[in-house]
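Working through the structure, step by step
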Amino acid sequence: MLRFKLKERIADKEFKEGRRISLSEVADTTGIGRITLSRMLNRGTNVRSDTLDRLCAYFDCRIEDLVEYVPDDAAAQPGTTTQQRG
């Protein structure tokens, strides 16, 4: 599963610039829909590569600063069982 680190990037930019940055400002500046950004913040969504490119340009960051791979670990989820082969 991919986890978007949009909140962290906004917080970093706010700290560097010493001002509050709204989601609407990010949307207006990047041309990315506010709904898309909101989905990235709240529950994840399918995101196009050009969207990621625009966000990296806006935050002046690398892709790994914006997106993190988090493995799905079914064995760690409650109520599931794993079988060992051998």
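Residues numbered from 1 in each chain as written. Predicted model: local features only at pLDDT ≥ 70, side-chain atom pairs only at ≥ 80, totals over all residues. Heavy atoms only, no water.

Regarding the environment of Met 1
For Met 1, the location among the structural elements is in the segment before β1 (2–4). Taking the C-alpha atoms as reference points, Met 1 and Glu 68, separated by 67 residues in sequence, lie 8.4 Å from one another. Beyond its immediate sequence surroundings of up to four residues, Met 1 is in contact with Glu 68, Tyr 69, Val 70 and Asp 72. (Helix = DSSP H or I, 4+ residues; strand = E, 2+ residues; numbered from the N terminus. Contact = heavy atoms within 4.5 Å.)

Regarding the environment of Asn 46
In this fold, Asn 46 is placed in the loop between α3 (34–42) and α4 (49–59). The spacing of Asn 46 and Leu 2 is 44 residues in sequence and 9.4 Å in space, taken between C-alpha atoms.

Concerning the pattern of salt bridges
In this structure the tally under the stated criterion is nine salt bridges. Here Glu 8 ties to Arg 3 by a salt bridge, and the two come within 3.1 Å at their closest N and O atoms. Residue Arg 3 is classed as partly exposed on the basis of its relative accessible area of 32%. In this structure, the salt-bridge partner of Glu 17 is Lys 13, at a minimum N-O distance of 2.9 Å. Taken together, the positions of Glu 17 and Lys 13, both in helix α1 (residues 6–17) and four residues apart, correspond to about one turn of that helix. Residue classification places Lys 13 among the buried positions, given a relative accessible area of 16%. Residues joined by salt bridges that share partners form a network here, namely Lys 13, Glu 17, Arg 19 and Glu 25. (Salt bridge = Lys/Arg side-chain N within 4 Å of Asp/Glu carboxyl O. Buried < 20%, exposed > 50% of the residue type's maximum accessible area, 1.4 Å probe, protein only.)

Some details on the packing of helix α2 (residues 23–30) against α4
Between α2 and α4, whose axes approach to 10 Å, the crossing angle comes to 110°. When the axes of α2 and α4 are compared, the pair comes out roughly perpendicular. Residues Glu 25, Val 26, Thr 29 and Thr 30 of α2 lie in contact with α4, whose contacting residues are Arg 54, Leu 55, Tyr 58 and Phe 59. Of the residues in the contact of α2 with α4, the class split is four nonpolar, two polar and two charged. (Axes fitted to C-alpha atoms, helices over the stretch in contact; angles between N-to-C directions. Parallel < 35°, antiparallel > 145°, perpendicular 65-115°, else oblique. Nonpolar A, V, L, I, M, F, W, Y, C, P; charged D, E, K, R; others polar.)

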